[in-house]
Amino acid sequence: MNRLTIPRPDDWHLHLRDGDMLASVVVDTAAHFGRAIIMPNLVPPVITSVDALAYRSRILAALPAGSEFQPLMTLYLTETTVPDDVVAAAASGLISAVKLYPAGATTNSDSGVRDFDKVTPVLEAMAENGVPLCVHGEVTDPDIDIFDREAVFLEKVLDPLRQRIRGLRVVLEHVTTCDGLDYVRQGGDDIAATITTHHLFINRNHILAGGIRPHNFCLPVAKREVHRLALVAAATSDEAAFFLGTDSAPHVDAAKQSGCGCAGIYTAPNTMSCLAALFEGEGALDKLEGFVSRHGPAFYRLPVNAETITLIKRDTPIEFPDKCETPDGPVTIFDCGQPLYWEVETS
Ligand code: NCD
Ligand code: ZN
């Protein structure tokens, strides 16, 4: 098989940033994807519906002429988020979800949640109104090893929260462990998980063996190979609870190649080529459509995109640029470690 036509895919976890960076990166996502859940961790964060409306306008203004890409906005949950603002923003269609960052867990998460009791009223209102909560699932306790932070979060934070707030719809974002996959599989219809492109390709050796590779550093950090294999099995399984959220997270090279480098991997330009290669390698090209185009809309209760895209397998590897140039400096594009032959056909 060397051609694959599927409904236009969506990205259920994306960082577009703002200003010049937004203008430079949004084209890469809009070229292939119909919609994306837009992460709110700007500086300052997108906290209120007023912030989300303004950010949405800036994204739409940065799109290439004629693009029909739809940003699906989120609000950044803080301990002072007002339940009525969330419910009204969701009811009007302005936002599609609320994002929970445990304070200190990742890039620009300082305004996130420290005391979960303080957000109970807003989570209850979300459960009542079916508004999904996108969760960065890592504890921030300095005593917990960074490779264990996802598993501990499930047991100590997420499960108690879901027991307390019945009916809350949760997306465990960028799941990286067998523990996370098992938790989602046992969790019923109210929980799903996004899987990133990079976590399907890299394990922790790709960050640390043979020299430190800052462009493979992201949060949650990639785990052991056994976990990567479990993620590949889940992504290619056609289980409805698992769908693509690239977590494409651009940082300029200067910010990543530093004594204290930022977490985040930029995968928007080559994600579809990477995924086609991976699914083909697994003998699961027929499962790609579910993962990138169908399971996400089903969870978010949206229609599948009516348009299609076609992936074509070329005879020679596609030459992707190594970097995306931005006015702020170059951003390195993810290197999945193998030649890529599948290309999204552009008319
Ligand atoms: C993201 C970013 O840079 O905003 N970084 C990352 O490593 N994934 C934040 C996040 O999603 O954790
Ligand atoms: Zn992210």
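Here the structure is shown first, and the text comes after it.
Numbers given for residues are sequential positions, taken from 1 along each chain in its written order. Chains carry letters and ligands carry numbers; both start at the beginning, A for chains and 1 for ligands, and go up in the order they are written. Local features in this predicted model are restricted to residues of pLDDT 70 or higher, and side-chain atom pairs are both shown and tallied only at a pLDDT of 80 or more, whereas totals for entire chains, interfaces and linings draw on every residue. Hydrogens are left out, water is left out, and the side-chain values use all remaining heavy atoms of the structure.

Chemist: Is there a simple way to explain the overall build of the protein in this structure?
Modeler: Secondary structure elements are defined from DSSP: runs of H or I of at least 4 residues count as helices, runs of E of at least 2 residues count as strands, and each element is numbered from the N terminus. Per the secondary structure count, the protein includes 11 helices and 13 strands. Against the globule reference of 20 Å for 347 residues, the protein gives a C-alpha radius of gyration of 19 Å, in line with a compact fold. Considered along the principal axes of its C-alpha atoms, the protein spans approximately 55 × 45 × 40 Å. For the protein, the proportion of contacts with a sequence separation of at least 24, taken over those separated by at least 6, is 74%. Counting only carbon and sulfur atoms, one obtains 50% of the accessible surface of the protein, whose full area is about 14100 Å². The charged-residue count follows a simple rule in which Lys and Arg add positive charge and Asp and Glu add negative charge, with His and chain termini not counted at all. By convention, the charge on Lys lies at NZ, on Arg at CZ, on Asp at CG and on Glu at CD. Where the 28 positive side-chain charges of the protein centre and where its 46 negative ones centre are 2 Å apart. Radius of gyration here uses only the C-alpha atoms, and the compact-globule reference equals 2.2 Å multiplied by the residue count raised to the power 0.38. Here, residues are in contact when the closest pair of their heavy atoms is within 4.5 Å. The Shrake-Rupley method, run with a 1.4 Å probe, gives the accessible areas here. Residue values count only the displayed protein chains as cover.

Chemist: Even after reading the chapter, I still don't get the sheet that holds strand S10 (residues 308-313), so can you show me in this structure?
Modeler: In sheet architecture, strand pairing relies on hydrogen bonds along the backbone and comes in two forms, parallel and antiparallel. Spatially, S1-S10-S13 is the arrangement adopted by the three strands of the open sheet, whose pairing is antiparallel. The strands lining the two open edges of the sheet, one partner per strand, are strand S1 (3-7) and strand S13 (342-344). Between one strand axis and the next, the sheet turns by 25° as a mean value, whatever way the strands run. Following DSSP output, two strands are said to pair if at least two bridges run between them. Pairing analysis gives three bridges linking S10 to S13, with the strands arranged antiparallel. Inter-axis angles, ranging from 0 to 180 degrees, are taken between N-to-C directions of lines fitted to C-alpha atoms, where helices are fitted over the stretch in contact.

Chemist: Is there a simple way to explain the side chain of Ser 49 in this structure?
Modeler: Looking at where Ser 49 falls in the secondary structure, it is placed in helix H2 (residues 49-62). To sort residues, take the accessible area from a 1.4 Å probe on protein chains only and compare it with the maximum for the residue type: under 20% means buried, over 50% means exposed, and anything in between is partly exposed. Looking at Ser 49, the relative accessible area reads 16%, which means it is buried. For the purposes of these results, a polar contact is taken to be a pair of N or O atoms within 3.5 Å, where, inside protein, one atom must be able to donate a hydrogen and its partner to accept one; residues adjacent in sequence count only when each atom of the pair is a side-chain atom. A distance of 2.5 Å separates the side chain of Ser 49 from the side chain of Asp 85, its partner in a polar contact. Residue contacts for Ser 49: discarding those within four places in its chain leaves Leu 75, Asp 85, Ala 89 and Leu 94.

Chemist: Explain helix H8 (residues 225-235) to me, please; I cannot follow it from the model alone.
Modeler: Within an α-helix, residues lying three or four positions from one another point in the same direction, as the helix has 3.6 residues per turn. Residues His 227, Arg 228, Ala 230, Leu 231, Val 232, Ala 234 and Ala 235 constitute the buried set of H8. The elements touched by buried residues of H8 are helix H6 (178-185), strand S8 (191-195), strand S9 (242-244), helix H10 (271-281) and helix H11 (288-300).

Chemist: What exactly am I supposed to notice about the nonpolar core here?
Modeler: The nonpolar side chains of a soluble globular protein tend to be buried with one another. Ranked by internal contacts, the top residues of the largest apolar core, which has 95 residues, are Leu 133, Leu 158 and Leu 200. With seven residues, H10 is the single largest residue contributor to this core. Setting aside residues up to four positions removed in sequence, Leu 200 forms contacts with Ile 195, Arg 228, Leu 231, Val 232, Ala 235, Leu 275, Leu 278 and Phe 291. Core analysis: the second largest hydrophobic core is formed by 13 residues, Cys 134, Val 171, Phe 299 and Tyr 300 among them. Think of a nonpolar core as a cluster: buried Ala, Val, Leu, Ile, Met, Phe, Trp, Tyr and Cys residues, connected wherever their side-chain atoms sit within 4.5 Å.

Chemist: Help me out: how do you make sense of the site of ligand 1 in this one?
Modeler: Proximity is defined per residue: any heavy atom of the residue falling within 4 Å of a molecule or strand makes that residue near it. Close to ligand 1 lie 15 residues, the nearest being Asn 41, Thr 106, Leu 219, Asp 247 and His 251. The contact in question runs from an oxygen atom of ligand 1 to an N or O atom on the side chain of Asn 41, over 2.8 Å. Side-chain polar atom of Thr 107 to an oxygen atom of ligand 1: 3.2 Å apart, as the coordinates give it. Within the complex, 100% of the 320 Å² of free accessible area of ligand 1 lies under protein. Residues are grouped as follows: Ala, Val, Leu, Ile, Met, Phe, Trp, Tyr, Cys and Pro are nonpolar; Asp, Glu, Lys and Arg are charged; every other residue, Gly included, is polar. Classifying every residue of the shell around ligand 1 by side-chain character gives four nonpolar, nine polar and two charged.

Chemist: Sorry if this is basic, but what is going on with a negative patch on the surface here?
Modeler: What makes a patch is a set of residues exposed beyond 30% relative accessible area and free of salt bridges, joined within 9 Å when like-charged and within 5 Å when nonpolar (Val, Leu, Ile, Met, Phe, Trp, Tyr). Any carboxyl oxygen of Asp or Glu within 4 Å of a side-chain nitrogen of Lys or Arg constitutes a salt bridge here. Negative charge collects at one region of the surface, where Asp 145, Asp 148, Asp 179 and Asp 182 lie side by side. Within the fold, Asp 179 resides in helix H6. When its relative accessible area of 36% is taken as the criterion, Asp 179 is described as partly exposed.

Chemist: Whenever I open this one, the pairing of strand S2 (residues 11-14) confuses me. Can you help?
Modeler: Sheet topology places S2 next to strand S3 (residues 35-38); two bridges connect them, and they run parallel. Its bridge partner being in S3, Leu 14 is matched across the sheet by Ile 38. Regarding topology, helix H1 (residues 19-32) serves as the crossover connection from S2 to the parallel S3, and that connection is right-handed. Crossovers are described as right-handed under a simple rule: with the strands pointing away from the observer, the path leading from the first strand over the helix to the second runs clockwise.

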